[in-house]
Structures are given as structure tokens and as C-alpha cells.
Amino acid sequence: MTTVQRRVLLVAILATFVAFLDGTVVTVALPAIGRALGGGGEAALGLQQWVVDAYLVTLGSLILLAGSLSDVHGRRRVLVAGLAGFAVASAACALAPTGPVLVGARAVQGVAGALLVPSSLAMIVSAFDGAAQGRAIGRWTAWTGTAAIVGPLVGGVLVDTLSWRFVFWLTVPVCLLTLMLARALPAGQPDHGRRLDLAGAVLAAVGLAGTVSALIEAERLGWGSPLIVAALVVGVACLAGFLVWERRAPDPMLPLRLFQIRNFAWGNAATAAIYGALGFGGFLVTLFLQQVAGYPATFAGLAQLPATFAMLGLSGRFGALAGRYGARAFMTVGPLLAAAGFLLLLATDEHATYWTQVLPGQVVFGLGLSVTVAPLTAAILGSAPPADAGIASAVNNAVARVAGLVVVAFAGVILGGALDVGTFHRGLVVTAALFAVGGLVSLAGIRGRLGG
């Protein structure tokens, strides 16, 4: 690995890690935020929902546009803009005097986060090839993928020992360090022959924001609420219009020809199932351990560390193996192992005895996730032409983020409005089923050196 490649990988890991970490680290800080800024009762609950949702909605809605910007204006330039914006927005969150200011700053964080993810991964794809690319993506996956798991632990420690505001200060120095490192990278060559598909960007952003917001708020306002109906109708109509427009646009933001590539299309279908399961499963376990089993916030995060260690230790290895032998076998076996891990958690009762009821499932789940994620990412991005690396990364990340949002939005339906041992077990079965679907989709659709 050359010096430039090492720096590219480090910058990509740091930039994406802060975006993913901030999506999860605030979870255990929500009660403290509600007490400080929400005023109690329903107002506090609404604030807690939007502190999470404002970030995820803007991130998921704008990540396609960010991928297009990355290809048109240059990946380093977009990455630097995202890092600067994220640092400023994080500081604004930490200093927010009221709930609405905090929600607005969180939405800006999501916009900046959308700029970070596709540009950083596209830089890796451009800097590495062959087996080295698989190893690099594996390392990127190991460090960035752990953000979703380690976030609750970091948030719990900061809230318990300092203040909820330090949850947001955490990312500011990381952004500044990454900015300094990124300035030394080659600028790259933007594609001046391409134009931004602004009509497509607006349709995609409004469509995703409307649809996801309706799914998130439906449990609180009711499916019959005029606001929910209007948001859903507008969202679905804009998404349909987006697909129609992309077929006729002279320079589309989302080249639909990418979905004619078998591994790209089937890989994104597997992504939807796997990341839907990952988002809901992490939400479910963290909530159960705290609200039913009575774990302190910090201990609830510590309980999930085995999966983090598995990702850190094994993802790079499995990424390299997938680059050598093809991704299909890994993308099939990995999700099935993750499903088995969640089924092992069915032994958990209201006490959630860690060593016998929680740890075995976490270890198997972590192994399955390590087998899955790097080969999945490599298969999808490796199937796209290099010129489309930014938008291919954006599509895959948008699918992953939106899948998690949608499944978590249906938590009330899955859990029946209450979380206890019985509904927890039901949620575990749903999570395992989604992981299994991801593995079977990969078996049916992915082609590589082992599958033809």
C-alpha cells in the first residue's frame, strides 16, 4: 500500500465514521435532551423523535445528490465541504439553546453527512483495485460499520460522566483532523462534461423525505391524519416521477442502466433486507436491555461490544477473500449467521443474563456481520464503471439508510405498541427473517468466481 493509498483510506474511514457515529451516538442521550429542552410530556417525546429523525431524513434524502456532486465537482472537494459543514453543525447542536434550534442543526448535520459517505467510498474505489480494493473496503467497513454498534456505548459514557452536549462536541475535533489530512490528497479530476440533474435531485429529495417522514410519524399521528396522507402521497408521487424523469434526463443523477448490471441490482436488493435488519435489530436490542432488563445506558452499549470486535478483527480478512474468490458465498453465509445470532437471543428473558443469554447471540451475529458487509460493498461497487463510483456508492448507502429508517418506522406495528419479553422475541424473529432474506437474495442473484 502506497503512502497516498494509506492517507486515502484513513481520510475515508474518519469522514464516514463521524457521519455513521452521529446517527447512533445520540440515542442514549435522548432522555437527557428531552429533560433539558423538551419541557416534559408529549413535547419532550416529539423533540426526541425529531432529534433522531431530522438527521436521518436529510441524510437519506440527499445522499443521491451528494453522489452526483462527487462525480461532477470532484470527490475531495465535496468531502472537504462535507467535513466543514459537519463540524459547524455539530458545534451548533452542542450549543443549541432550544429544541427547535437543535432539530434544525441536526438536519444540517444530515446534509453534511450525505456529502461525506459517497465521496469517501468513491475515493477508495478510485485509489485501489483488485484484491487490494477488497482489503481496503474491508477495513473501511470494519471501522465505519462499528459506528452503529459503538455509538450507544460512547453516548452512554458521555451522558453519564459529562453532559448530553458532549455527544455533539465529540465529532468536531475528528472533522478538523480529517480536514487537515484531506487537504494533502490529490485533487482528482472532476468530470466537467457532466451536469447536475437538479430536477432529479429535487424529486428524489422530496420523494424520500415525504415518504420516510410519513412512515416515521404515522405511529404518533395515525395513518388517517391529513398530514400523513399528504406526505405519503407527495412522497410516492415524487419517487414515481423521479424514475420517469431519470429515464428521459439527458444526464441523469441515477443512471438506471446501473440496474441492468446483475450484481448491482441484486446486491442493492440484499442491502435493503440486511440493513433493514441491522437498523431494527440494533434499535430493538438497545431498547430492550435498558427499558425491560434495566441495564444502565453504558452497560447496554458494552453488551454489544463483541460484534464490534468481530467487525474490527475480521472484516478486512473477509473483504480480501471476497476479492479473491467472489462475494456470493460470503453474502449468503454471512446474513444466515447473523440471523442465527438473533435467534439465539430468543433465550433472553426479562433479566437478560449477559453471559448465557446475550453474549452467545452477539458473538454469532458479529461473525455473520463481519462475513457479510465488506463482500457486499465490494460486489456492488466493483460491478459499477469507475466513472459512476460516486453515484453507485450513493445509491447503495441510500438504500441502506432508508431501509433501516423504514423498518424502524414500523417498530410500533411489529412490537404491538409495547416492548416486553414477548414482543422482543417477535422483533427478534422479524430481524432474523430479514437477514435470511438478504442471504437468500444473494444466493439467487449474485454472480462471482464461485457462482458463475
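These numbers were taken from a predicted model, which means no experiment stands behind them. (Residues numbered from 1 in each chain as written. Predicted model: local features only at pLDDT ≥ 70, side-chain atom pairs only at ≥ 80, totals over all residues. Heavy atoms only, no water.)

Regarding the overall build of the protein
- Looking only at helices and strands, one finds 19 helices and zero strands in the protein.
- Taking 2.2 N^0.38 as the reference for a compact globule, 452 residues should give roughly 22 Å; the C-alpha atoms of the protein span a radius of gyration of 21 Å, in line with that estimate.
- On the principal axes, the C-alpha backbone points of the protein span a range of 55 × 45 × 45 Å.
- Within the protein, counting contacts between residues at least 6 apart in sequence, those at least 24 apart form 84% of the total.
- Put simply, the protein has 25 plus and 16 minus side-chain charges, and the middle of one group is 13 Å from the middle of the other. (Helix = DSSP H or I, 4+ residues; strand = E, 2+ residues; numbered from the N terminus. Rg over C-alpha atoms; globule rule 2.2 N^0.38 Å. Contact = heavy atoms within 4.5 Å. Lys, Arg positive; Asp, Glu negative; His and termini not counted. Charge placed at Lys NZ, Arg CZ, Asp CG, Glu CD.)

Brief notes about unusual backbone geometry
- Not every positive phi belongs to a glycine, and A352 is a case in point at roughly 50 degrees.
- Locating A352 in the fold gives a position in the loop between α15 (328–344) and α16 (354–383).
- Residue class for A352 comes out buried when judged on its relative accessible area of 1%. (Buried < 20%, exposed > 50% of the residue type's maximum accessible area, 1.4 Å probe, protein only.)

Some details on the packing of aromatic side chains
- Applying the stated criterion across every chain, the model contains nine aromatic pairs.
- Ring plane angle 75 degrees and centroid distance 5.1 Å describe the contact between F259 and F264, whose orientation is recorded as edge-to-face.
- For F259, a relative accessible area of 34% puts it in the partly exposed group.
- For F264, a relative accessible area of 0% gives the class buried.
- With a centroid separation of 6.1 Å and 55 degrees between ring planes, the pair formed by F365 and F435 is classed as tilted. You can see F365 sitting in helix α16 and its partner F435 sitting in helix α19 (residues 421–445), a full 70 residues away along the chain. (Phe/Tyr/Trp six-rings, centres within 6.5 Å; stacked < 30°, edge-to-face > 60°.)

A look at the environment of L208
- In this fold, L208 is placed in helix α10 (residues 198–221).
- Distance in space between the C-alpha atoms of L208 and S61 is 5.2 Å, their sequence separation being 147 residues.
- Each residue touching L208, except ones within four places of it in the same chain, is listed here: G60, S61, L239 and V402.

Observations concerning the nonpolar core
- Core analysis: the largest hydrophobic core is formed by 69 residues, its most contacted members being I124, L289, Y295, F342, F365 and F435.
- Dropping the residues within four chain positions of it, Y295 is found in contact with L289, Q290, A300, A303, H351, A352, T353, Y354 and V358.
- Grouped together as the second largest cluster of nonpolar side chains are 55 residues, L30, A87, A112 and L153 included. (Core = buried A, V, L, I, M, F, W, Y, C linked by side-chain atoms within 4.5 Å.)

So, the state of the cysteines
- For the structure on display, the rule yields zero disulfides.
- Just so you know, C93 is unpaired, no disulfide at all, and the nearest cysteine sulfur is the one on C175, 11 Å from it.
- Given a relative accessible area of 0%, C93 falls into the buried group. (Disulfide = S-S within 2.5 Å.)

Looking at the environment of G313
- Locating G313 in the fold gives a position in helix α14 (residues 305–325).
- For the pair G313 and S370, spaced 57 residues apart in the sequence, the C-alpha separation amounts to 8.5 Å.

Details of empty space enclosed by the protein
- Under the definition given, this model contains one cavity of 30 Å³ or more.
- Roughly 40 Å³ of volume is contained in the largest cavity.
- The wall of the largest cavity is formed by V285, F288, L289, L345, T348, V358 and F424.
- Split by residue class, the lining of the largest cavity holds six nonpolar, one polar and no charged. (1 Å grid on protein atoms, 1.4 Å probe; cavity = no way out; pocket = protein on both sides within 12 Å on 5 of 7 lines; lining within 4 Å. Points joined across faces, edges and corners; volume = space filled by probe spheres on them. Nonpolar A, V, L, I, M, F, W, Y, C, P; charged D, E, K, R; others polar.)

Description of the packing of helix α1 (residues 3–24) against helix α9 (residues 171–182)
- Relative to each other, α1 and α9 sit at 155 degrees, their axes nearing to 10 Å. In this view, α1 runs roughly antiparallel relative to α9, as classed from their interaxial angle. As α1 packs across α9, the resulting crossing turns out to be left-handed. Counting all contacts with α1, which are made through R7, L10, V11, L14, A15, V18 and D22, the residues of α9 involved are T171, V174, C175, T178, L181 and A182.
- Considered class by class, the residues forming the contact of α1 with α9 number nine nonpolar, two polar and two charged. (Axes fitted to C-alpha atoms, helices over the stretch in contact; angles between N-to-C directions. Parallel < 35°, antiparallel > 145°, perpendicular 65-115°, else oblique. Left-handed = near helix turned anticlockwise from the far one by under 90°.)

As for the confidence of the model for the protein
- Summing up the model confidence of the protein, the mean pLDDT is 82 and the portion of residues at 70 or higher is 91%.
- Within the protein, no element has a lower average pLDDT than helix α3 (residues 41–73), which sits at 71, and none a higher one than α15, at 94. (pLDDT = per-residue confidence, 0-100.)

Examining the environment of L69
- Looking at the secondary structure, you find L69 in helix α3.
- Remark: the alpha-carbon pair of L69 and V206, spanning 137 residues in sequence, is separated by 18 Å.
- Ignoring any residue separated from it by four or fewer positions in sequence, one finds L69 in contact with G74, V78, L115 and L196.

Comments concerning α14
- Its 21 residues place the ends of α14 29 Å apart at the C-alpha level, agreeing with the 30 Å of an ideal helix rising 1.5 Å per residue.
- Remark: the principal bend of α14, roughly 45 degrees, maps to L314.
- Positive phi appears at G326, one or two residues downstream of α14, with a value of about 100 degrees. (Expected span 1.5 Å × (residues − 1). Bend = angle between axes of the 7 residues up to and from the residue.)

Points about a nonpolar patch on the surface
- A surface patch of nonpolar side chains, about 410 Å² in accessible area, is lined by L95, L162, F166 and W169.
- With respect to the helices, strands and loops of the structure, W169 is situated in helix α8 (residues 165–169). (Patch = residues over 30% accessible without salt bridge, like charges linked within 9 Å, V, L, I, M, F, W, Y side chains within 5 Å. Areas by Shrake-Rupley, 256 points an atom, 1.4 Å probe, with all protein chains shown as cover. Salt bridge = Lys/Arg side-chain N within 4 Å of Asp/Glu carboxyl O.)

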